[in-house]
Every structure is written in structure tokens, then in C-alpha cells.
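Summary of the model geometry
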Amino acid sequence: FFFEPIAVPRSSKAGAMMSKWLQACRQRLGGEFPRNGSQHSTEQYLNTLRVRKLGKSKTVLKDDPVTGWGSVSTSLEGKKIMTKWLNNARVRSNERFVLKGLEIRGSLE
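It should be emphasised that the depicted structure is a prediction, and the values quoted were computed from it without experimental measurement.

Here the focus is the overall build of the protein. Helix and strand counts for the protein stand at three helices and zero strands. Ordered by position from the N terminus, the helices and strands of the protein form the series α-α-α. By the burial criterion, 9% of the 109 residues in the protein qualify as buried. Long-range contacts, defined here as pairs at least 24 residues apart, represent 51% of the contacts in the protein between residues at least 6 apart.

See below:
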């Protein structure tokens, strides 16, 4: 699964909510923030987005190498949080699927 980035202004209600959510996650994970290597991971991800945006017709600059996503090491708490998010996303996806099916069946009757 890949999680795409989203841009939300911090001044908006959604931005304020996401900031609180992020802070709560950081407290659960513990340790220092930003993490060691987070700058490198961010640059690597931005390079990947640039390559994707350039498309196949243009070449990538030589000083802008993309080596892939790289490996990520997480703590047990981090794995628990990610597993919970993934399971919640699967449940919501299944619920939407069932509701859409009921809606379609209702329109056919």
C-alpha cells in the first residue's frame, strides 16, 4: 500500500485537526522529532515525485538520483499504529463497497 501526500493549509480546520493528530502520534511513538534521516527520506520521496511528474519523455537530471523508496525501520508502537490504520482503511473500504452495492440493487428494484 502506498499513501500519497496531501497538502492541507495549517490555518484551515482540517489542517489544525491533522496537526493535533500528528502530535498525538508522535507522543505515542515517543523519541525525538524530526527523526534522524527524515530529511533524507523526504528528499528521496520528492525526487520520486519529480521523476513521476517528468514522465517518460524527459530525462532525469544526473545530480537528482532516485534510488527507490528505501527501507524504513519502525518501532513496535509504529507498527501497531500502521497496522491499525491499514485495518481501519480496509474496513471503511469494505463498508463503502457494501453500501454502494445496496444502493445499486435498490435502484434496480
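Okay, the confidence of the model for the protein next. Put simply, the protein has an average pLDDT of 80, and 80% of its residues get 70 or more. Element-level pLDDT for the protein is lowest in helix H2 (residues 38–54), with a mean of 81, against a maximum mean of 92 in helix H3 (residues 76–108). Every residue in residues 59–64 is under pLDDT 50, and counting partners more than four places away or in other chains gives five contacts.

Another aspect to go through is a nonpolar patch on the surface. Together, Trp21, Leu22, Met82 and Trp85 line one region of the surface with nonpolar side chains, adding up to about 390 Å² of accessible area. For the nonpolar patch, the elements supplying multiple residues, two or more each, are helix H1 (13–29) and H3. Looking at the secondary structure, you find tryptophan 21 in helix H1.

What follows deals with H2. Taking 1.5 Å as the rise per residue, H2 with 17 residues should run 24 Å; its terminal C-alpha atoms sit 24 Å apart, in good agreement. Residues Gln44, Tyr45, Asn47 and Thr48 constitute the buried set of H2. Projected onto a plane normal to the axis of H2, the buried residues spread over an arc of 155° and lie on a single side. The exposed residues of H2 that point more than 90 degrees off its buried face are Gln39 and Lys53.

A word on H3. Within an α-helix, residues lying three or four positions from one another point in the same direction, as the helix has 3.6 residues per turn. Between its terminal C-alpha atoms H3 stretches 48 Å, which fits the 48 Å expected from 33 residues at 1.5 Å a residue. All of the buried residues along H3 are Gly78, Ile81 and Gly101. Those residues of H3 that are buried lie in contact with H1.

Where H1 meets H3, the closest approach of the two axes is 9 Å, and the angle between their N-to-C directions is 140°. In terms of their interaxial angle, H1 and H3 are classed as oblique. As for how H1 packs across H3, the hand of that crossing is right-handed. Seen from H1, the contacting residues are Trp21, Cys25, Arg28 and Leu29; seen from H3, they are Glu77, Gly78, Ile81, Lys84 and Trp85. Looking at the contact of H1 with H3 residue by residue, the class counts come to five nonpolar, one polar and three charged.

Reading guide: rules and limits
- Residues numbered from 1 in each chain as written.
- Predicted model: local features only at pLDDT ≥ 70, side-chain atom pairs only at ≥ 80, totals over all residues.
- Heavy atoms only, no water.
- Helix = DSSP H or I, 4+ residues; strand = E, 2+ residues; numbered from the N terminus.
- Buried < 20%, exposed > 50% of the residue type's maximum accessible area, 1.4 Å probe, protein only.
- Contact = heavy atoms within 4.5 Å.
- pLDDT = per-residue confidence, 0-100.
- Patch = residues over 30% accessible without salt bridge, like charges linked within 9 Å, V, L, I, M, F, W, Y side chains within 5 Å.
- Areas by Shrake-Rupley, 256 points an atom, 1.4 Å probe, with all protein chains shown as cover.
- Salt bridge = Lys/Arg side-chain N within 4 Å of Asp/Glu carboxyl O.
- Expected span 1.5 Å × (residues − 1).
- Arc of directions from axis to C-beta.
- Axes fitted to C-alpha atoms, helices over the stretch in contact; angles between N-to-C directions.
- Parallel < 35°, antiparallel > 145°, perpendicular 65-115°, else oblique.
- Left-handed = near helix turned anticlockwise from the far one by under 90°.
- Nonpolar A, V, L, I, M, F, W, Y, C, P; charged D, E, K, R; others polar.

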